[in-house]
Amino acid sequence: MHGSGVVPPVDGDRDFDVPYVTRVEGEGSLRLKVRGGEVTEARLAIFEAPRYFERLVVGRTGDEVLDIVARICGICPIAYQMTAVRAFEDLYQVRVDPQVGALRRLLYAGEWIQSHALHVYLLHAPDFLGYPSALAMAADHRELVERGLRLKKLGNAIMALLGGRAIHPVSMRIGGFSRAPRPAELLALRPALDQAIADAQATVELVAGLPTPAHDRETLMVSLRHPTEYPFADGRIVGTDGTDVAPGAWDAAFREEHHEGSNALHARTLDGRMYLLGPSARITIAGDQLHPLAAEALARTGLAGGIRTNIYRSIVARAVELLAACAEARDLVDGYGVPTHVRVAHAPRAGRAAWATEAPRGLIFHRYEVDEAGRVLAAQIVPPTSQNQGSIEADLAGFAPSVLALSHAEATHRLEQLIRSYDPCISCATHFLDLRIEEEAGT
Amino acid sequence: MSRPVLVLACGTPDRGDDAAALDAVALLDLLEPQARGRATIRVVGQLGIEHLAERPDGAAVIVVDAAVGLRPGTVRFVPFAGLAGGARSPVPRSSHELPIPEVVGIAEILGGPLDGGLLVVGGSDFGLGHPLSPAVEAAIPELADQLAHAIEDAAGRRGPGGTG
């Protein structure tokens, strides 16, 4: 299935080098060194060129920042925009129309739907079903790919309708939106939402039954938690260790640090501990706020405990959140009324604009130091993947001993599968293609 | 009656050479109106399976994109046939949602054989806010010209279903 090389001795020296980890967003490599049966180095290196977005926004106003940060990622642009807009609105004490708040929640749900559907069906399911690629899986499981694409298409449609376009959306503004949709435009999504809920329920059933490697461990988890709703863009930053800080006070509990071999900063708690973000953390910390349809589906799996302790079960958490996002999107469409104030005015002021929201892959934090004219003096953008990087490497080191008896190819595959469990997004938005044609003489 | 042709222009206008396909399509409007009139052109940020799977019945598809791994400014046409798993396949290093051969292969599983191919230009600078690199800027007329030829060729060919 995944290769069957000579099986080396369990206590021997092994090197696992995967120069390009596939089916993740962006460019990263895996390096694992085993000496005498002990893991001596575990590293997920991120070597996409640093993009200097924190410098690019200096001198810009809040609305300009929204347009710039949307270009950080082609998969989760809403997360970047939403975090920035909430940061500036918090500083400027802007209170948006309640229907604007609902539209923003619907927009974020759209991003979760497209991102989770892509990851569950095309990036991660092939691992569990024993295929080397989505293409190989599609040949045998066409219906799964079609279901995944239906879900993803709905997510894109929501983002395109509310954001102006699905990739690098443009409609989010400080104080609201540049345009609110007509009710009929949202109601046109209703049949697809009904289908999506059925598809997402089938997704939960599917992934709950997938064979899963054993890898139980306790880890510190962090996510937003809100008293009355599942967290998208509101709530306090809460940890399973009792951490509890305001959404703009991430740096009161966590810090960034450089690590050799990676262009991304890692993050730790102030006392140096690694932590886990994302669907597994959110369900562990805020599962009691799931939409009733999602809570019911999660209960049927009986895997709430497994989600907490085994990162390979993140595919179940992601599927439950897929259902939650679809169900909540339908509720929001049903309850929609055109905002009285599509966009409220704001007055810039000097200070610190900071906020955290929940990207599909986990907590994202932005901080901007702003002058009296509303121009950015300094910025800090902390994406979820860089926060998860330490946890990924710790999981690799902890899991590796259990695969040393496997063939090199199979062991490498299991390690890559573990990395994909985090749904790392190390992408730049540029989508360029690496073609590498070998030129023939004379052509 | 000519065969329908769908052109998928991949890229964004604000990332250096990533805008090459968009510029080539714009030039096609100006210089090759006859070829332009034979094709439906869609600008897509990242090529998705759905863009290929939902092509019009019987349509040939030409994907225009910038690529690395080619000398900057070099224009190449790579037919879809044999792309999936072929020795000349793109290395799966793209930050498209999936590697191009997988996107094409899955689209074929869902929607039948694809006729057409990738028309690419080698790029070098994809920085946010950057202009086209000089080599790619100089290659845009050739990219547009080859796109016009690819459209004319595809429009005149019979499709896999023989409906041409």
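Residues numbered from 1 in each chain as written. Chains lettered and ligands numbered in written order. Predicted model: local features only at pLDDT ≥ 70, side-chain atom pairs only at ≥ 80, totals over all residues.

Peer 1: Before we go on, may I ask you to explain the overall build of chain B in this structure?
Peer 2: Secondary structure assignment for chain B yields 5 helices and 5 strands. Taken over 164 residues, chain B has a buried fraction of 52%. Taking contacts inside chain B between residues at least 6 apart in sequence as the whole, the part at least 24 apart equals 79%. (Helix = DSSP H or I, 4+ residues; strand = E, 2+ residues; numbered from the N terminus. Buried ≥ 20, exposed ≤ 12 C-beta atoms within 10 Å, placed from the backbone. Contact = placed C-beta atoms within 7 Å.)

Peer 1: Could you clarify how one ought to interpret the overall build of chain A in this entry?
Peer 2: Tallying secondary structure elements over chain A gives 14 helices and 16 strands in all. Per-residue burial for chain A yields a buried fraction of 55% across its 443 residues. In chain A, 71% of the contacts between residues at least 6 apart in sequence involve partners at least 24 apart.

Peer 1: Please clarify how the packing of helix 13 (residues 384-399) of chain A against helix 14 (residues 408-421) of chain A should be interpreted in this entry.
Peer 2: The axes of two packed helices give the description: the angle between them and the distance between them. All names here are of chain A. Two numbers describe how helix 13 lies on helix 14: the axes approach to 10 Å, and their chain directions differ by 150°. Taken together, the axes of helix 13 and helix 14 are roughly antiparallel relative to one another. For the element pair helix 13 and helix 14, the recorded crossing hand is right-handed. Touching Ile392, Asp395, Leu396 and Phe399 of helix 13 are Leu415, Leu418 and Ile419, all from helix 14. Split into classes, the residues belonging to the contact of helix 13 with helix 14 amount to 6 nonpolar, no polar and 1 charged. (Axes fitted to C-alpha atoms, helices over the stretch in contact; angles between N-to-C directions. Parallel < 35°, antiparallel > 145°, perpendicular 65-115°, else oblique. Left-handed = near helix turned anticlockwise from the far one by under 90°. Nonpolar A, V, L, I, M, F, W, Y, C, P; charged D, E, K, R; others polar.)

Peer 1: Can you help me understand helix 3 (residues 77-91) of chain A in this one?
Peer 2: Residues separated by three or four positions in an α-helix point in the same direction, a consequence of the helix having 3.6 residues per turn. All names here are of chain A. Across its 15 residues, helix 3 extends 22 Å between first and last C-alpha, which sits within 8% of the 21 Å expected from 1.5 Å per residue. Taken across its 15 residues, helix 3 has 14 buried, putting it largely inside the fold. Count one or two residues on from helix 3 and you reach Gln93, which has phi positive near 55°. (Expected span 1.5 Å × (residues − 1).)

Peer 1: Just to check I follow, could you spell out the sheet that holds strand 13 (residues 362-370) of chain A for this structure?
Peer 2: What holds strands together in a sheet is hydrogen bonding between their backbones, with the strands either parallel or antiparallel. All names here are of chain A. Taken together, 3 strands build an open sheet; the order of strands is 12-13-14 and the sheet is antiparallel. On the outer flanks of this sheet lie strand 12 (351-359) and strand 14 (376-382), each paired with one strand and no other. Neighbour to neighbour, the strand axes of the sheet diverge by 10° on average, direction disregarded. Across the sheet, helix 3 touches strand 12 and strand 13, and the angle it forms with strand 12 is around 145°. (Pairing = 2+ DSSP bridges.)

Peer 1: Help me understand the environment of A:Arg173, please; the structure alone is not making it clear to me.
Peer 2: Residue and element names in this part refer to chain A. Note on placement: Arg173 falls in strand 5 (residues 172-173). Between the alpha carbons of Arg173 and Ala324 there is a distance of 26 Å; along the sequence they are 151 residues apart. Residues contacting Arg173, with those up to four places away along its chain left out, are Asp63, Leu66, Ser178 and Arg343.

Peer 1: I keep staring at the nonpolar core and nothing clicks. Help me out?
Peer 2: Note that soluble globular proteins tend to have their nonpolar side chains buried in a common cluster. Residues A:Ile158, A:Val320, A:Leu323, B:Ile62 and B:Leu147 are the most contacted members of the largest nonpolar core, which totals 171 residues. With residues up to four places along the chain from it excluded, the contact list for B:Leu147 reads B:Ala24, B:Leu28, B:Ile62, B:Val64 and B:Leu119. (Core = buried A, V, L, I, M, F, W, Y, C linked by C-beta atoms within 7 Å.)

Peer 1: What should I look at first to understand the packing of helix 6 (residues 142-163) of chain A against helix 8 (residues 190-208) of chain A in this one?
Peer 2: Residues and elements named next belong to chain A. Interaxial distance between helix 6 and helix 8 falls to 10 Å at its minimum, and their mutual angle equals 135°. By the angle between their axes, helix 6 is oblique relative to helix 8. Helix 8 is crossed by helix 6, and the crossing has left-handed handedness. On helix 8, the residues that touch Arg147, Arg150, Leu151, Leu154 and Ala157 of helix 6 are Ala192, Leu193, Gln195, Ala196, Asp199, Ala200 and Ala202. Across the contact of helix 6 with helix 8, the residue classes break down as 8 nonpolar, 1 polar and 3 charged.

Peer 1: Sorry, what's going on with the sheet that holds strand 9 (residues 244-245) of chain A here?
Peer 2: All names here are of chain A. One open sheet accounts for 3 strands, arranged 7-8-9; its pairing is antiparallel. Two strands close off the open sheet at either side, each with one partner strand: strand 7 (222-225) and strand 9. Its contacts with the sheet place helix 9 (residues 279-286) against strand 7 and strand 8 (236-239), and it is angled at close to 50° to strand 7.

Peer 1: So what exactly am I meant to see when it comes to the environment of B:Gly48 here?
Peer 2: All names here are of chain B. Tracing the sequence through the fold places Gly48 in the loop between strand 2 (39-44) and helix 3 (49-53). Gly48 sits in the buried class, given 25 other C-beta atoms within 10 Å. Considered as a pair, Gly48 and Val136 are 88 residues apart in the sequence and their alpha carbons are 24 Å apart.

Peer 1: Would you mind showing me how to read unusual backbone geometry here?
Peer 2: Most peptide bonds take the trans form, and the phi angle of most residues other than glycine is negative. Phi at A:Gln93 takes a positive value of approximately 55°, unusual for a residue other than glycine. Relative to the helices and strands, A:Gln93 is located in the loop between helix 3 and helix 4 (98-129).

Peer 1: Sorry, what's going on with the pairing of strand 3 (residues 60-68) of chain B here?
Peer 2: Taken residue by residue, a regular strand's side chains alternate between the two faces of the sheet. Residues and elements named next belong to chain B. With 9 of its 9 residues buried, strand 3 lies for the most part within the structure. Both faces of strand 3 are covered, namely the face carrying Ala60, Ile62, Val64, Ala66 and Val68 and the face carrying Val61, Val63, Asp65 and Ala67. In the sheet, strand 1 (residues 5-10) pairs with strand 3 via 5 bridges, with the strands oriented parallel. Across the sheet, residue Leu8 finds its bridge partner in strand 3, namely Val63.

Peer 1: Would you take a moment to explain the confidence of the model for chain A for this structure?
Peer 2: When pLDDT drops low, the exact placement of atoms in the prediction is not to be read closely. Residues and elements named next belong to chain A. Looking at chain A as a whole, the pLDDT averages 88, with 88% of positions reaching at least 70. With pLDDT under 50 throughout, residues 1-9 is counted as low confidence; its partners more than four residues away or in other chains account for 15 contacts. With pLDDT under 50 throughout, residues 427-443 is counted as low confidence; its partners more than four residues away or in other chains account for 57 contacts. (pLDDT = per-residue confidence, 0-100.)

Peer 1: Looking at this structure, how should I read helix 8 of chain A?
Peer 2: Residue and element names in this part refer to chain A. With 19 residues, helix 8 should cover 27 Å at 1.5 Å per step; its first-to-last C-alpha distance of 27 Å lies within 8% of that length. Within the sequence span of helix 8, burial applies to Leu193, Ala196, Asp199, Ala200, Gln201, Thr203, Val204, Leu206, Val207 and Ala208. Where helix 8 is buried, its residues touch helix 4, helix 6, helix 10 (292-301) and helix 12 (314-334).

Peer 1: In this structure, what is going on with the environment of B:Thr12? I would like to understand it.
Peer 2: Mapping B:Thr12 onto the fold places it in the loop between strand 1 and helix 1 (20-31). Taking the C-alpha atoms as reference points, B:Thr12 and B:Ile62, separated by 50 residues in sequence, lie 18 Å from one another. Once you skip the residues sitting within four places of it in the chain, B:Thr12 turns out to touch A:His168, B:Asp18, B:Ala19 and B:Gly45.

Peer 1: Can you help me understand the confidence of the model for chain B in this one?
Peer 2: Residues and elements named next belong to chain B. Of the residues in chain B, 85% reach a pLDDT of 70 or more, and the chain-wide mean stands at 84. For chain B, per-element mean pLDDT is lowest for helix 4 (residues 100-111), which scores 89, and highest for helix 5 (residues 134-156), which scores 96. In the model, residues 86-96 has pLDDT below 50 throughout and makes 36 contacts with residues more than four positions away in sequence or in other chains. The complex prediction reports pTM at 0.87, with the ipTM value standing at 0.80.

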